[in-house]
Amino acid sequence: MKPTVTLTAEQVAFFHENGFLALDSLTTQEEVAWMRDVYDRLFLERAGREVGDQFDLAGTDEEDKEAALPQILNPVKYAPELAEGLFRVNAFAVCRALLGPEATMGGDHAILKPARIGSETPWHQDEAYWDEAVLHESVSIWIPLQEATLENGCMWFLPGTHKLPVKPHHSLNNDPRIHALEIEEEVDMEKAVACPIPAGGCTIHHCRTYHYTGPNKSEVNRRALILGGGLAGVTLETPRDFYWNKTKTTARDERTKAASENR
Ligand code: NI
């Protein structure tokens, strides 16, 4: 399959200046409808829950509590059909156009913001979740499977923040049982840019760009499939201190640990 999306020089320059980019169309509406069916099945089946691949990003993740922001890591593991498709071919082309021909793809996840109760994803930098000893040059390609609007929780970015280092973060509500991280500093919403986009469009952001999504106040689930891509990480001679990851004790980690011990 050949890519059908080509970035203009202006789009590439915009990304490098601002740390994000929005595209109205990454794939066809037919493919989006198919992806949505697969996606809904995975959340309905609670795919990956037992081994810690599915968990509540914004809550304490108890078994009997409805998740405010369920996430599935590596959904392809549970739906191998998602390994193929125009969305993936185009995402790879976009990633290479932004980061160069050595870029590779990897690290998918799915974040569902349930209708009416879906909570916000606090302002953060993605790299704050990762290895403090490895510097990344990577992007996330965020694909909504229905229109993404201000009402249902579209992406917001703070332009230019990809040029900053990883800033201090804390667990949401300062609760180490919650997976989601929030950046310490107050973000001025006046300077932030919202990116409402059609179903099957995408936003692309750098791993250090500050970003946020609002709560879902609509009557429709807000589904987003996120594809990662980037250059090989560089191991730092002097690692940073991501202390906020060291105190985390999530139910998800417990499930991952139990599953690996039972293997
Ligand atoms: Ni993020």
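Predicted model only: the values in this text are computed from it and were never measured.

Participant: Which parts of the structure should I look at to understand the packing of aromatic side chains?
Facilitator: Enumeration according to the criterion identifies seven aromatic pairs in this entry. Each ring, one from Y39 and one from F43, has its centre 5.0 Å from the other, and the planes form 45°; the classification is tilted. Placement of the pair is Y39 and F43 together in helix 2 (residues 29–44), with a separation of four residues, close to one helical turn. Relative accessible area serves as the criterion here: at 11%, F43 is assigned to the buried category. Linked through ring pairs, F14, F20 and F157 together constitute an aromatic cluster.

Participant: Even after reading the chapter, I still don't get the pattern of salt bridges, so can you show me in this structure?
Facilitator: Should their charged atoms come close, side chains of opposite charge can pair. Across all of its chains, the model carries 16 salt bridges by this definition. Its salt-bridge partner being D40, residue R223 comes within 2.7 Å of it at the nearest N-O pair. Linking R223 in strand 15 (residues 222–230) with D40 in helix 2, this pair joins segments that are 183 residues apart in sequence. You can call R223 buried: its relative accessible area is 11%. Using a relative accessible area of 30% as the deciding quantity, one classes D40 as partly exposed. In this structure, E127 and R208 form a salt bridge, with 2.6 Å as the shortest nitrogen-oxygen distance. In this pair, E127 is assigned in the loop between strand 6 (121–124) and strand 7 (134–135) and R208 in the loop between strand 13 (202–206) and strand 14 (211–213), connecting sequence segments 81 residues apart. The structure contains a network of salt bridges with shared partners spanning E127, E137, R208 and R240.

Participant: Could you clarify how one ought to interpret the layout of surface pockets in this entry?
Facilitator: To find the voids left in a structure, one rolls a probe of water-molecule size over its atoms. There is about 770 Å³ of room inside the largest pocket. Elements with a minimum of two residues in the lining of the largest pocket: strand 3 (70–73), strand 4 (104–105), strand 5 (109–113), strand 6, strand 8 (138–144), strand 14 and strand 15. Here the lining of the largest pocket gets six residues from one element, more than from any other, and that element is strand 15. In terms of residue class, the lining of the largest pocket is made up of 14 nonpolar, 19 polar and five charged. Taken as a whole, the second largest pocket holds about 320 Å³ of empty space. Lining the second largest pocket we find 15 residues, and of these F43, Q54, A67, P70 and L112 sit closest to its centre. Mapped onto the lining of the second largest pocket, the elements with two or more residues apiece are helix 2 and strand 2 (54–56). Ranked by the residues each element gives to the lining of the second largest pocket, the list is headed by helix 2, at three residues. Partitioned by chemical class, the residues of the lining of the second largest pocket number seven nonpolar, two polar and six charged.

Procedures and definitions
- Residues numbered from 1 in each chain as written.
- Predicted model: local features only at pLDDT ≥ 70, side-chain atom pairs only at ≥ 80, totals over all residues.
- Heavy atoms only, no water.
- Phe/Tyr/Trp six-rings, centres within 6.5 Å; stacked < 30°, edge-to-face > 60°.
- Helix = DSSP H or I, 4+ residues; strand = E, 2+ residues; numbered from the N terminus.
- Buried < 20%, exposed > 50% of the residue type's maximum accessible area, 1.4 Å probe, protein only.
- Salt bridge = Lys/Arg side-chain N within 4 Å of Asp/Glu carboxyl O.
- 1 Å grid on protein atoms, 1.4 Å probe; cavity = no way out; pocket = protein on both sides within 12 Å on 5 of 7 lines; lining within 4 Å.
- Points joined across faces, edges and corners; volume = space filled by probe spheres on them.
- Nonpolar A, V, L, I, M, F, W, Y, C, P; charged D, E, K, R; others polar.

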